[in-house]
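# Results of the structural survey
Below are the chains, spelled out letter by letter.
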Amino acid sequence: MAQIKEFSVEEKLASLVRLQKIESKLDEYKILKGELPMEVSDLEDEIQGLHARQTRIEEEINGIQEFINQKKEAIKEAEALIKKYDKQSQNVKNSREFEAINKEMEMQQLETKLAEKHIKDANEEIGEKVVVLEKAKKNVAAKEGVLKNKKDELDKIIATTEKEERHFNKLAGDAREKVEPRLLTSYDRIRKNYRNGLAVVPVVRDACGGCFNAIPPQRQSEIRQRKKIIVCENCGRILVDDELNNVVDLK
Ligand SMILES: [Zn+2]
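In what follows, the accompanying structure is described. (Residues numbered from 1 in each chain as written. Predicted model: local features only at pLDDT ≥ 70, side-chain atom pairs only at ≥ 80, totals over all residues. Heavy atoms only, no water.)

## Structural notes on the overall build of the protein chain
A tally of helices and strands in the protein chain yields six helices and four strands. When the elements of the protein chain are put in sequence order from the N terminus, they spell out α-α-α-α-β-β-α-β-β-α. Scaling as 2.2 N^0.38, a compact globule of 251 residues should have a C-alpha radius of gyration of about 18 Å, whereas the protein chain reaches 40 Å, well beyond that. Seen through its principal axes, the protein chain has C-alpha atoms that stretch 125 × 45 × 35 Å. Within the protein chain, contacts between residues at least 6 apart in sequence are counted, and of these 73% link residues at least 24 apart. When the accessible surface of the protein chain is summed, it comes to about 17400 Å², and 52% of that surface belongs to carbon and sulfur atoms. Of the side chains in the protein chain, 48 bear a positive and 49 a negative charge, and the two mean positions are spaced by 3 Å. (Helix = DSSP H or I, 4+ residues; strand = E, 2+ residues; numbered from the N terminus. Rg over C-alpha atoms; globule rule 2.2 N^0.38 Å. Contact = heavy atoms within 4.5 Å. Areas by Shrake-Rupley, 256 points an atom, 1.4 Å probe, with all protein chains shown as cover. Lys, Arg positive; Asp, Glu negative; His and termini not counted. Charge placed at Lys NZ, Arg CZ, Asp CG, Glu CD.)

## Considering the packing of helix H2 (residues 36-89) against helix H3 (residues 95-177)
For the pair H2 and H3, interaxial distance at closest approach is 6 Å and the crossing angle is 165°. It follows that H2 is roughly antiparallel to H3 by the angle criterion. For the element pair H2 and H3, the recorded crossing hand is left-handed. Residue composition of the contact of H2 with H3, grouped by class: 32 nonpolar, 11 polar and 19 charged. (Axes fitted to C-alpha atoms, helices over the stretch in contact; angles between N-to-C directions. Parallel < 35°, antiparallel > 145°, perpendicular 65-115°, else oblique. Left-handed = near helix turned anticlockwise from the far one by under 90°. Nonpolar A, V, L, I, M, F, W, Y, C, P; charged D, E, K, R; others polar.)

## Quick look at the coordination of the zinc ion
Of the protein atoms, only Cys 208 (SG), Cys 211 (SG), Cys 232 (SG) and Cys 235 (SG) coordinate the zinc ion, at distances of 2.2 to 2.3 Å. Every donor counted, the four donor atoms about the zinc ion form angles of 105 to 115° at the centre, which fits tetrahedral coordination. Since its relative accessible area comes to 23%, Cys 211 is described here as partly exposed. (Donors = N, O, S within 2.8 Å, 3.2 Å for Na, K, Ca; no water. Tetrahedral: all angles 85-135°; square planar, octahedral: opposite > 155°, others 65-115°. Buried < 20%, exposed > 50% of the residue type's maximum accessible area, 1.4 Å probe, protein only.)

## Concerning H3
Taking 1.5 Å as the rise per residue, H3 with 83 residues should run 123 Å; its terminal C-alpha atoms sit only 107 Å apart, a clear shortfall. One side-chain oxygen of the residue at the start of H3 lies 3.2 Å from the amide nitrogen of Arg 96, identifying that residue as Asn 94. (Expected span 1.5 Å × (residues − 1). Polar contact = N/O pair within 3.5 Å; in protein donor to acceptor, adjacent residues only side chain to side chain.)

## Digging into the layout of surface pockets
Here the largest pocket is characterised by a volume of approximately 420 Å³. Along its surface, the largest pocket is lined by 16 residues, and Asp 27, Lys 30, Ile 31, Arg 195 and Asn 196 are the ones closest to its centre. Elements with a minimum of two residues in the lining of the largest pocket: helix H1 (9-33) and helix H4 (181-193). Class assignment of the residues belonging to the lining of the largest pocket gives a composition of four nonpolar, four polar and eight charged. Here the lining of the largest pocket spans two domains, since at least three of its residues come from each of domain 1 (9-32 + 180-247) and domain 2 (34-161). (1 Å grid on protein atoms, 1.4 Å probe; cavity = no way out; pocket = protein on both sides within 12 Å on 5 of 7 lines; lining within 4 Å. Points joined across faces, edges and corners; volume = space filled by probe spheres on them. Domains from an automatic or database assignment.)

## Things to note about unusual backbone geometry
Residue Phe 212 is not a glycine yet carries a positive backbone phi of 65°. Along the polypeptide, Phe 212 turns up in the loop between strand S2 (207-208) and helix H5 (217-225).

Have a look at this one:
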C-alpha cells in the first residue's frame with residue numbers, strides 16, 4: 001500500500017496561512033473593482049429594459065399612424081362617392097330620387113367629418129407619444145454614457161490586474177488542494193462570515209489579529225507549540241503565531 005503522508009498540525013497551519021494570504025490577495029483585486037462589476041451589469045439590464053420600452057412606444061406610434069392612413073383612405077372614398085352622387089343629382093327624374101341621393105351625400109359628409117375628428121385625435125395622441133419617446137431616448141443616451149464610463153473604468157482595472165489575478169487564482173487552486181477537506185470547509189465558513197475575509201489570523205500584540213480580543217499567555221504558548229488547531233474564543237477565527245505567519249511568504 002502506498003504511504004499516505006500524514007500532515008503535522010504545523011504543516012496544516014502553514015497550508016492554511018498560505019491559502020489565506022493568497023485569497024486575501026484576490027480579495028484586494030475584488031476591492032479594487034468595488035461595486036463596478038455589479039453597477040455595470042445593473043446598468044446593462046436597465047438599458048435593455050429602456051430599449052424595449054422605446055420599441056414599444058415606436059410600435060404604438062406606428063399603429064396610430066396606420067389608423068390615420070385608414071381614415072384618410074376612408075375620406076377619399078367618401079369624397080369620391082359625394083362627387084358621384086353630385087353628378088347623379090343633376091339627372092334625377094323625381095324628387096324622391098333626389099332626396100334619396102341627398103341623404104346618401106349627407107351620410108358620406110358625416111363619415112368624412114367623423115374620420116377627420118378621428119385623425120385629429122390620433123395626431124394629438126401621436127404628439128404626446130413622441131414627447132414620451134424623446135424623453136425615453138434621452139434617458140437611454142444618458143444611461144449609456146454612464147455605462148460607458150463605468151465600463152472603461154472597470155476595463156482599466158482589469159487590464160492592470162488580470163495577469164496577477166490569474167496567477168493568484170491558480171495559486172489558490174493549488175493551495176486549496178493542500179488543505180484537508182474538513183479544515184477547508186471550516187476555513188471557507190469562517191471566511192464567509194467576515195467582511196474582510198479573514199479566517200486565519202496571527203496573534204498580534206497578545207490579541208487575536210481578527211477581532212483584537214486579548215489572548216491569555218497560556219493560550220498563546222499553546223498556539224506557538226503548533227500541536228493543535230486553536231480558534232479565537234471570541235470570533236472563531238483560526239489562530240497562528242506571528243512567526244509562522246511571517247514565515248509563509250507568497251514570493
Ligand atoms: Zn478573534
